[in-house]
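# A closer look at the structure
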Number of protein chains: 2
Amino acid sequence: MSESKKRYTIKDIAEQSGVSLSTVSLVLNDNPRISQATRARVLKTIERLGYQPNRMARALAWRHTRTLAVLVPQLRHAFADVYFGEIVSGIYDRASRLGYKILLEVARNEFIESKEYLQLYDQKFIDGIMFIGANSRHRFIAELADGTRPFMLVNNYTKEFDLNYVVSNYRYGGWQAAKHLVRLGHQRIGFISGGVAEIQTSQDILESFKEVLDESGIAYDPKLIVDGWLTEEGGMKAAEELLRQNPDVTAIFALNDKMALGAMKKMNELGLRVPQDVAVVGFDDIPQASFAIPGLTTIHQPLYEIGKLACERMVELIHGKVSRVQEVIPIYLTVRESCGARLKEAAAAKTE
Amino acid sequence: MSESKKRYTIKDIAEQSGVSLSTVSLVLNDNPRISQATRARVLKTIERLGYQPNRMARALAWRHTRTLAVLVPQLRHAFADVYFGEIVSGIYDRASRLGYKILLEVARNEFIESKEYLQLYDQKFIDGIMFIGANSRHRFIAELADGTRPFMLVNNYTKEFDLNYVVSNYRYGGWQAAKHLVRLGHQRIGFISGGVAEIQTSQDILESFKEVLDESGIAYDPKLIVDGWLTEEGGMKAAEELLRQNPDVTAIFALNDKMALGAMKKMNELGLRVPQDVAVVGFDDIPQASFAIPGLTTIHQPLYEIGKLACERMVELIHGKVSRVQEVIPIYLTVRESCGARLKEAAAAKTE
DNA sequence: CCGCTTTATCAAAGCGATTTAACTATGGGA
DNA sequence: TCCCATAGTTAAATCGCTTTGATAAAGCGG
C-alpha cells in the first residue's frame, strides 16, 4: 500500500506560490484581473503538486453542481433496454463534452413518494433532470412544470402540462409506415398497439395510422387493433389473435420493433411467411431489427442524436440561455425486407 | 411561474425551533445526545418547512459523497448493451437502498488520458468506482491497485494486479457448456471465440473448453477455433468460415450469446437446421437467447444479482468493513432447444 | 444541602472553495 | 509636484453543514 499522498488544498497552492488564497481561486476561475505573470506562477505550482480543486466545496460556493440526473421509468430492468441505452449514450457524450456529470435515477414508487424528484434539486445535488420514457401515470411531473427547476422530457411530450421536451415526430413516422403498407397495396392491415392509454407518442402513431387509412379510403376496423403490451411476447400473442380472428390480414404494423419482431416469430411458428404472406413494419429501428430474418422495415429513430440534442438544450436551459425547449425531430422509414418492397422492386426490374 | 420558495437552511430550522444550529445538525445525524423532546420539536419544524439539508455542504463536511461511479468501456454505444444494462440495474437498486447515488462514466481515451479515474476521487466527487467490462488494454487500472481508492471490477478480474472483484465462475460455466455438448455425443465441436487476447474471462471459457476436450479424450483441433469478435455479425462470419472449412462439425460453442445467435442466423441462411444438423450452445443468457428460434441453450449469468452483490461489497469496502473482495459466483447451464437435448429426452421417453 | 455524575445543549472551529469590497502600487495628465 | 484613474492583489465574508470540547442543568447518594 502506497503512502497516502496528502491532498492539497487551495491554501497549499497559495503558500507555495507566495500569493494569497483568493489569487489562486481567481486563477482557477480564469479571472482576467490576475496578471499573466502570477497566473503562470500559480498554474505551475498547481501542476507541480497535482492539485485538484474539491468539487464539493466549489459546488457549495457556486450553488450548482454541473450534474444532470437522467431519470428512467421502472421497467423490469430499465437500463437493460436498448431504447434507453441509446438515448443515455447520447446524453452522456454531450454532457461530458460540456463538463457535466450524469447521475442515474429510476422513477420507482419510492422515488416518487418521497419526492426525490424535488429533493434532488433542493438538496442542491443536481442542476436538472432529463426524463426518458415518461407516461401519463407519472403525475408527479406536474410539479416540475412551473419552470422553477430545469426539467425536460426526452423523446416524449405531453399535452397536459407545459413542459420542455425534445421528441421525434412520431406522427410523421407513423404516417410513413402506414403509407408504405398502403402503397404496397395492403388494405387489411392489422395494428399491434401498446401503451396507447398512457403514452402520448403511442397515441400519435395510432392516430397517424388511422389518418392514412382515412386518406386512402380504407375503412377503419377496430377488430384489427390489438394490444401487444410493447413487449416481444405481447407481440407474439397479438399477432396470433389478430391472424386467427382476421385471416384476411395481409400486413401488420406494430407500434414498436419489439412487438413487430414478436409478431414475426409467431408467424414463423404458424408457418406464415414474411413478407410473402404477411408484410410487417415496425417502429424504432432497434439493432435487432436489421438483424432479424427477414430484416425488419421500420421507422428509424435517431435515439443517440436525440439524447445529445436534449442534453445540449438542457444545459442551455440551466444557463438561462433559453427558457423553453419544445423541439420535434423528423424521422424516416428504413426499408428492409419485411414488407416485400424490395421484392417488388426486383420483380419490376426483371420485367423491364 | 410559482413564486420561488425560499430554500431553508439549518439556521432557519434552528431559529424556528428555538435551539442552536448544532442541535439541529445533531438531530439530523441521529446523535443520541439530543433528548427526545427537542429532537421531536426540531423534527417538526423540519417537516413543517420542508427543509432539505444541502447535500454539497454535508459532503464537504463529511469528506465523502455517498456517490459511486459506474465505469463502462467505450463500446459503440455502451449503455445500449444488455449486458451492462443488467449489471447497472443491479448496482442501482442496491445502491439506492444503501443511500448511494450512481454516477455514469465511460472509459473513453479522454477519460483515461486526463486521469479522470483519479480526479473523480481526488476532487472528492465520488467514494468509489465500479468498473464493468474491463480488459487487459485498460492499463490504467494498475494505478488503482494500491487500495488507496475504493475500486472494483464487476464480473471480471485480472491476474495481473491485485484488485477487488466480483465475478461469475466462467471456468465452471464453460466447463458445463462444453460438457453438455460432449455428453450429447458431439466430437467435432467448433468454438467461436472473442476477446481472448484481452479479456481474462474469455480466456477462461476457452480454457475450460479445452479442458473438457482433454478429459473426454477428444483431440484439440486449432482449426475449430474461430474469432467472432463478440458481435452478432462476427458470429455469423465465424460460423460460415467454421462450417465451410470443417463440414464435419456437429456442434458450435460460442463464447457469448450474441455470437451464438449470429451463428444460428447464418446456419439458417445456409439451410442448416439447429439442432438437427448443428447443435449450438452460448454463454450469458441474454433475453434474446430465450426468444430465439430455437431457444438457445446457454450458461445463465445472473448479471442483475452480480451487480447487486458487487455494489454491496463496494459499500463495505468504502466503510472499511472489508479490505479486499474477491468473490466468485457459481453459474449454471440453461437447457433450451438449440442442442437437441430435449429432443433426445423426448425420444427416449417415447421408446420407453 | 453539598459535591459529583450524567445528560442535554451550545459555541466555535473546521470542511475547501468563491467573491466582492478594499487596498496598494504605478503611471499619466495637469 | 499632486491627484486620480487603473491594474493587480488581498482580506474577509460566505456557502451550509459537522463535530468536539465546554458549559449548564438535572439527578443522586450521603
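Because the structure is predicted, anything quoted here is derived from the model rather than measured. (Residues numbered from 1 in each chain as written. Chains lettered and ligands numbered in written order. Predicted model: local features only at pLDDT ≥ 70, side-chain atom pairs only at ≥ 80, totals over all residues. Heavy atoms only, no water.)

### Remarks on the overall build of chain A
The condition is simple: Runs of H or I in DSSP of at least four residues are treated as helices and runs of E of at least two as strands, each being numbered from the N terminus. The globule rule used for comparison is 2.2 Å times the number of residues to the exponent 0.38, while the radius of gyration itself is calculated over C-alpha atoms. Only protein chains enter the accessibility calculation, which uses a 1.4 Å probe. A residue is then buried if its area is under 20% of the maximum for its type, exposed if over 50%, and partly exposed in between. Only the protein chains shown count as covering a residue, and every accessible area follows the Shrake-Rupley method with a 1.4 Å probe. Charge assignment in this entry is limited to Lys and Arg as positive and Asp and Glu as negative, and neither His nor the chain termini are counted. Every charge is mapped to an atom, namely NZ of Lys, CZ of Arg, CG of Asp or CD of Glu.
Helix and strand content of chain A: 14 helices and 12 strands. Over its C-alpha trace chain A gives a radius of gyration of 26 Å, far above what one expects of a compact globule, namely 20 Å for 352 residues. For the C-alpha atoms alone, the extent of chain A along its principal axes is close to 85 × 45 × 45 Å. A burial count over chain A gives 57% of its 352 residues as buried. In the form shown here, chain A has an accessible surface area of approximately 15,700 Å², with 50% of it arising from carbon and sulfur atoms. In chain A, the 44 positive side-chain charges and the 43 negative ones have mean positions that sit 8 Å from each other.

### Side note on the protein's contact with DNA strand C
Filter applied, for reference: One heavy atom suffices: a residue is near a molecule or strand as soon as one of its heavy atoms comes within 4 Å of it. A 3.5 Å cut-off defines polar contacts: any pair of N or O atoms within that distance qualifies, except that in protein one atom must be a possible hydrogen donor and the other a possible acceptor, and neighbouring residues in sequence count only when both atoms are side-chain atoms. Under the grouping applied here, Gly and all other residues not named as nonpolar or charged are polar, the nonpolar ones being Ala, Val, Leu, Ile, Met, Phe, Trp, Tyr, Cys and Pro and the charged ones Asp, Glu, Lys and Arg.
In the vicinity of DNA strand C, 28 residues are found, and the nearest of them are A:Ile10, A:Ser25, A:Asn54, B:Thr23 and B:Arg63. Backbone atoms, meaning sugar and phosphate, make up 68% of the atoms of DNA strand C lying within 4 Å of the protein. Residue A:Ser25 places a side-chain N or O atom 2.3 Å away from a phosphate oxygen belonging to DNA strand C. Within the side chain of B:Thr23, one N or O atom sits 2.5 Å away from a phosphate oxygen of DNA strand C. When residues of the surface near DNA strand C are traced back to their parent elements, those giving at least two are helix 2 (21-28) and helix 4 (55-62) of chain A together with helix 2 (21-28) and helix 4 (55-62) of chain B. Residues that form the surface near DNA strand C fall into these classes: 14 nonpolar, 10 polar and 4 charged.

### Let's talk about the environment of A:Leu163
Residues and elements named next belong to chain A. Note the cut-off: In what follows, residue pairs with any heavy atoms lying within 4.5 Å of each other are defined as contacts.
Mapped onto the secondary structure, leucine 163 falls in the loop between strand 4 (151-154) and strand 5 (165-168). When its relative accessible area of 3% is taken as the criterion, leucine 163 is described as buried. Separated by 163 residues in sequence, leucine 163 and glutamine 326 have C-alpha atoms that sit 7.9 Å apart. In this structure, leucine 163 is in contact with Ile141, Leu144, Ala145, Phe151, Leu153, Thr158, Val325 and Gln326, ignoring residues within four places of it in sequence.

### Focus: the protein's contact with DNA strand D
Around DNA strand D, the structure places 29 residues, and the nearest of them are A:Thr23, A:Arg63, B:Ile10, B:Ser25 and B:Tyr51. Among the atoms of DNA strand D close to the protein, meaning within 4 Å, 61% are from sugar or phosphate groups. Within the side chain of A:Arg63, one N or O atom sits 3.4 Å away from a sugar or linking oxygen of DNA strand D. Within the contact set of DNA strand D, a phosphate oxygen lies 2.8 Å away from a side-chain nitrogen or oxygen of B:Arg58. When contributions to the surface near DNA strand D are tallied by element, the ones reaching two or more residues are helix 2 and helix 4 of chain A together with helix 2 and helix 4 of chain B.

### Some thoughts on the domain arrangement of chain A
Stated precisely, the cut-off is as follows: An automatic or database domain assignment is the source of the domain bounds shown.
Partitioning chain A into structural domains gives domain 1 (10-53), domain 2 (67-169 + 304-329) and domain 3 (170-301 + 334-351). Each of domain 1 of chain A and domain 2 of chain A was reduced to a C-alpha centroid, and the two centroids are 37 Å apart.

### As for the sheet that holds strand 4 of chain A
Threshold: Strands pair, by our definition, only if DSSP identifies at least two bridges between them. Only the contacting stretch of a helix is used when fitting its axis, a line to C-alpha atoms as for every element, and angles between N-to-C directions run 0 to 180 degrees.
The 12 strands are arranged 11(A)-5(A)-4(A)-3(A)-1(A)-2(A)-2(B)-1(B)-3(B)-4(B)-5(B)-11(B) in an open sheet whose pairing can be described as mixed. Edge positions in the open sheet fall to strand 11 (326-329) of chain A together with strand 11 (326-329) of chain B, since each of these has one partner strand only. On average, adjacent strands in this sheet sit at an angle of 20 degrees to one another, irrespective of strand direction. With 7 bridges connecting them, strand 1 (residues 67-73) of chain B and strand 2 (residues 101-107) of chain B associate as parallel partners. Within the sheet, the bridge partner assigned to B:Val72 lies in strand 2 of chain B and is B:Val106. Docked against the sheet, helix 5 (residues 82-97) of chain B engages strand 2 (101-107) of chain A together with strand 1, strand 2, strand 3 (128-132) and strand 4 (151-154) of chain B, running at close to 155 degrees with respect to strand 3 of chain B.

### Remarks on the pattern of salt bridges
Residue and element names in this part refer to chain B. To be explicit about the condition: A pair is scored as a salt bridge if a Lys or Arg side-chain nitrogen falls within 4 Å of a carboxyl oxygen belonging to Asp or Glu.
This structure, assessed with the given rule, holds 50 salt bridges over all chains. For lysine 115, the salt bridge identified is with glutamate 143, shortest N-O distance 3.1 Å. One end of the pair, lysine 115, is in the loop between helix 6 (109-113) and helix 7 (116-122); the other, glutamate 143, is in the loop between strand 3 and strand 4, and 28 residues separate them in sequence. Across the pair arginine 171 and glutamate 207 runs a salt bridge whose closest N-O atoms are separated by 3.0 Å. In this pair, arginine 171 is assigned in helix 8 (residues 170-183) and glutamate 207 in helix 9 (residues 200-215), connecting sequence segments 36 residues apart. Of the residues examined, arginine 171 reaches a relative accessible area of 30% and is grouped as partly exposed. Judged by relative accessible area, which is 33%, glutamate 207 ranks as partly exposed.

### Comments concerning the interface of chain A and chain B
In plain terms, the rule: A 1.4 Å probe defines the accessible area here, and the buried area is the portion of it lost by two parts on being joined, summed over both.
Each partner contributes residues to the interface: chain A has 56 residues there, and chain B has 56 residues. Taking both sides of the interface into account, the surface hidden between chain A and chain B amounts to around 5,200 Å²; carbon and sulfur atoms contribute 60%. Looking at the side of chain A facing chain B, the largest losses of area belong to A:Met56, A:Tyr92 and A:Phe291, adding up to 15% of the total buried there. There are 8 salt bridges connecting chain A and chain B. A salt bridge links B:Arg108 to A:Asp93, with the shortest nitrogen-to-oxygen separation between them at 4.0 Å. Applying the counting rule to chain A against chain B returns 18 residue pairs in polar contact (both at pLDDT 80 or more). Residue assignment for the side of chain A that touches chain B shows that the elements contributing at least two residues are helix 4, helix 5 (82-97), strand 2, helix 7 (116-122), helix 10 (232-245), helix 11 (257-270) and helix 12 (287-291) of chain A.

### As for the relation of the copies chain A and chain B
The operation relating the pair of chain copies consists of a rotation about an axis and a translation along that axis. Under the convention used in this document: The fit set for superposing copies consists of C-alpha atoms from residues with pLDDT of at least 70 in both; the fit itself is least squares.
When chain A is brought onto chain B, the operation consists of a screw motion whose angular component is 180 degrees and whose axial shift is 0.1 Å, with 0.1 Å RMSD remaining. Such values leave the two copies arranged in the relation of a two-fold axis. In terms of proximity to the rotation axis, the leading residue of chain A is A:Leu103, whose C-alpha is 2.3 Å off the axis. Same-surface contact between copies: 100% of interface residues of chain A are shared with the interface of chain B.

### A closer look at the packing of aromatic side chains
Using the following cut-off: Stacked, tilted and edge-to-face are the three classes applied to pairs of Phe, Tyr and Trp rings, where Trp contributes its six-membered ring and a pair requires centres within 6.5 Å; stacked means planes under 30 degrees apart, edge-to-face means over 60, and tilted covers the rest. Placement of a charge over a ring requires the Lys NZ or Arg CZ to be within 6 Å of the ring centre, with the centre-to-atom vector within 35 degrees of the ring normal.
Under the definition given, this model contains 22 aromatic pairs over all chains. Measuring from centroid to centroid gives 5.2 Å for A:Tyr83 and A:Phe84, while their planes differ by 90 degrees, and the two rings are edge-to-face. On the basis of relative accessibility, which here comes to 5%, the residue A:Phe84 falls in the buried class. When the centroid spacing of 6.4 Å and the interplanar angle of 45 degrees are considered together, the rings of B:Phe111 and B:Tyr117 count as tilted. Grouping aromatic residues by their ring pairs yields a cluster made of A:Phe111, A:Tyr117, A:Phe131 and A:Phe140. Here A:Arg55 stacks its cationic end above the ring of B:Phe125, 4.3 Å away from the centre of that ring. Seen from the ring of A:Phe291, B:Lys265 lies directly overhead, with NZ or CZ sitting 4.7 Å from the centre.

### Structural notes on unusual backbone geometry
Each neighbour pair has its own omega, and for A:Ile293 with A:Pro294 the value is -10 degrees, a cis peptide bond. You can see A:Pro294 is positioned in the loop between helix 12 and strand 10 (297-300). At the junction of B:Val274 and B:Pro275, the peptide bond is cis and its omega measures out at 5 degrees in the coordinates. The topology assignment puts B:Pro275 in the loop between helix 11 (257-270) and strand 9 (279-284). Here B:Asn155, not a glycine, exhibits a phi torsion of approximately 50 degrees, which is positive. By the secondary structure assignment, B:Asn155 is in the loop between strand 4 and strand 5 (165-168). Even without glycine at this site, B:Leu230 takes up a positive phi of about 70 degrees. Within the secondary structure, B:Leu230 is located in the loop between strand 7 (225-227) and helix 10 (232-245).

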